[in-house]
Amino acid sequence: MNKKALAGIGLLGAGVLALAGCSSTSAPAGDASDAPPAETGELTVWVVGTDTPETAREYLVDTFESENEGWTLRLEEKTWADVSETYVAALQSNDTPDVVEVGNTQAIGFIDQGLFSDLGDIRGDLGDLNPGLEDAGTYDGAFYAAPYYAGGRVVFYSPEIVDAATLPKTLEEYVEQGIAKKTDAMSGIYAPGRDWYNMLPYIWTYGGEIAVQDGDTWDAQFSSEESLKGLELLQKVYTEATNAPTDGDETDAHVPFCAGETAFLSAPAWMQWSILAEPDAENPGCPDTFGKDLGAFPLPGASEGETAPIFAGGSNLGVAALSENQAMAKEVVKIMLSKGYQDLMAEGGLTPALLESAESLPDTPVAQAQAEALANSKGVPTSPNWAEVESSLVIQDSLVKIAQGEDVKTVAEALDAEIESILNG
């Protein structure tokens, strides 16, 4: 998967801040779906970055125009900066694009402002979709932003260090092996304290949650019995299985991996491109050493045969509420979620939103591991205030305290209070 774009996905939480600042408190506005479709016209579709393969772009234009005589489709490529800086104004204008790609953690901000149309009337036409991304596009029980493609974390290992025949089968075994493999020179599990995306599977595996909604009130759940079980296991990783800095983040995690200083590295699947890149002054890749025959597997869950729920990064598709071509725009979404289109996305190395298209992924350990991992994925709370939680860094700061050995329950209770103050503020 394209490193630059997926790195952008990893930063979407930050990008959504621009949206949060102008988020309304009213329910999403209605759309123009009752207007009769015109007989001819032009639609504009915005995709972000270079990840959408050229084959898929051509398929979209050709299929739409062949199925809808008299209509043309213009596809424009935007950047992740555009999504957070210019999308709102464009979607509120008289010259709005008709269909837009947004990051999954950004979708709720657009929905809350009433900028997307309800897609519930076509949900039945879209097949079985990635559940984490579908949740990200659902607001107050209504379906506003369709999943597009997903990105997730897998556990990388080098056959030079880890015997593939002994891979862990449960999360607890993963931690035990990480502890056993740690030396002064090697992290059994590379786990910097501020890497909160890699924290989430630990609480989700045992039934914990970030926060749950009861009516109009959010109840943070890090101090629940289930979440504490996961956080206490994570603290063992911090204190017994890693040499990563307690106040560090996940940036450049491939560097210690390529130095032979990491047994297990849980990281976004795009990290493979950094590992497999030819080494130079800017990137110490290791294609001929620890990247040779690179192995990957989904993080295991509580019981053998299960995967741990992981955070689903990725993109969603929205139909602009002010589009004058609602019916035609929804036809575009149907094509972009069709098997023909999603197969092309998969062949390009992207984990498709349509689950049945996973069979078209390249037959590589990383691609297959990511698809398996994302089949059990979740997202962050669907609150318009969630961006403020991320920007406050309260989760990262709390994890640093846990990594430094502070009492887990005390830290979790304080974190819950801070999150509830933000989400219910």
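Cut-offs and rules
- Residues numbered from 1 in each chain as written.
- Predicted model: local features only at pLDDT ≥ 70, side-chain atom pairs only at ≥ 80, totals over all residues.
- Heavy atoms only, no water.
- Phe/Tyr/Trp six-rings, centres within 6.5 Å; stacked < 30°, edge-to-face > 60°.
- Helix = DSSP H or I, 4+ residues; strand = E, 2+ residues; numbered from the N terminus.
- Buried < 20%, exposed > 50% of the residue type's maximum accessible area, 1.4 Å probe, protein only.
- Lys NZ or Arg CZ within 6 Å of the ring centre and 35° of its normal.
- Axes fitted to C-alpha atoms, helices over the stretch in contact; angles between N-to-C directions.
- Parallel < 35°, antiparallel > 145°, perpendicular 65-115°, else oblique.
- Left-handed = near helix turned anticlockwise from the far one by under 90°.
- Contact = heavy atoms within 4.5 Å.
- Core = buried A, V, L, I, M, F, W, Y, C linked by side-chain atoms within 4.5 Å.

### Quick look at the packing of aromatic side chains
Inspection of every chain in the model, using the stated rule, returns twelve aromatic pairs. Each ring, one from F264 and one from F297, has its centre 5.8 Å from the other, and the planes form 85 degrees; the classification is edge-to-face. Pair noted here: F264 is in strand β11 (residues 262-268) and F297 is in strand β12 (residues 295-297), with a separation of 33 residues, a long-range link. In terms of burial, F264 and F297 fall into one category: buried. In textbook terms, an aromatic cluster arises when at least three aromatic residues are bridged by ring pairs, as seen for W46, Y87, F110 and F116. The residue whose ring lies beneath K78 is W46, and the NZ or CZ to ring-centre distance is 4.3 Å. One residue, R123, lies across the ring of F143, its end atom 5.7 Å from the ring centre.

### Structural notes on the packing of helix α11 (residues 225-241) against helix α19 (residues 408-423)
The description of two helices packed together rests on the angle between their axes and the distance between the axes. At a closest axis distance of 10 Å, the pairing of α11 and α19 adopts a crossing angle of 125 degrees. Overall, the two elements α11 and α19 adopt an arrangement that is oblique. Note that α11 runs across α19; the crossing there is right-handed. In this structure, α11 contributes L228, L231, E232 and Q235 to the contact, and α19 contributes V408, K409 and A412.

### Topic: the nonpolar core
Within the largest apolar cluster, 53 residues are counted, with the highest numbers of intra-cluster contacts made by Y87, F110, F116, V332, M336 and L337. It is helix α14 (residues 326-336) that provides the largest number of residues to this core, a total of six residues.

Bear in mind that shape data such as this cannot, by itself, settle questions of function.
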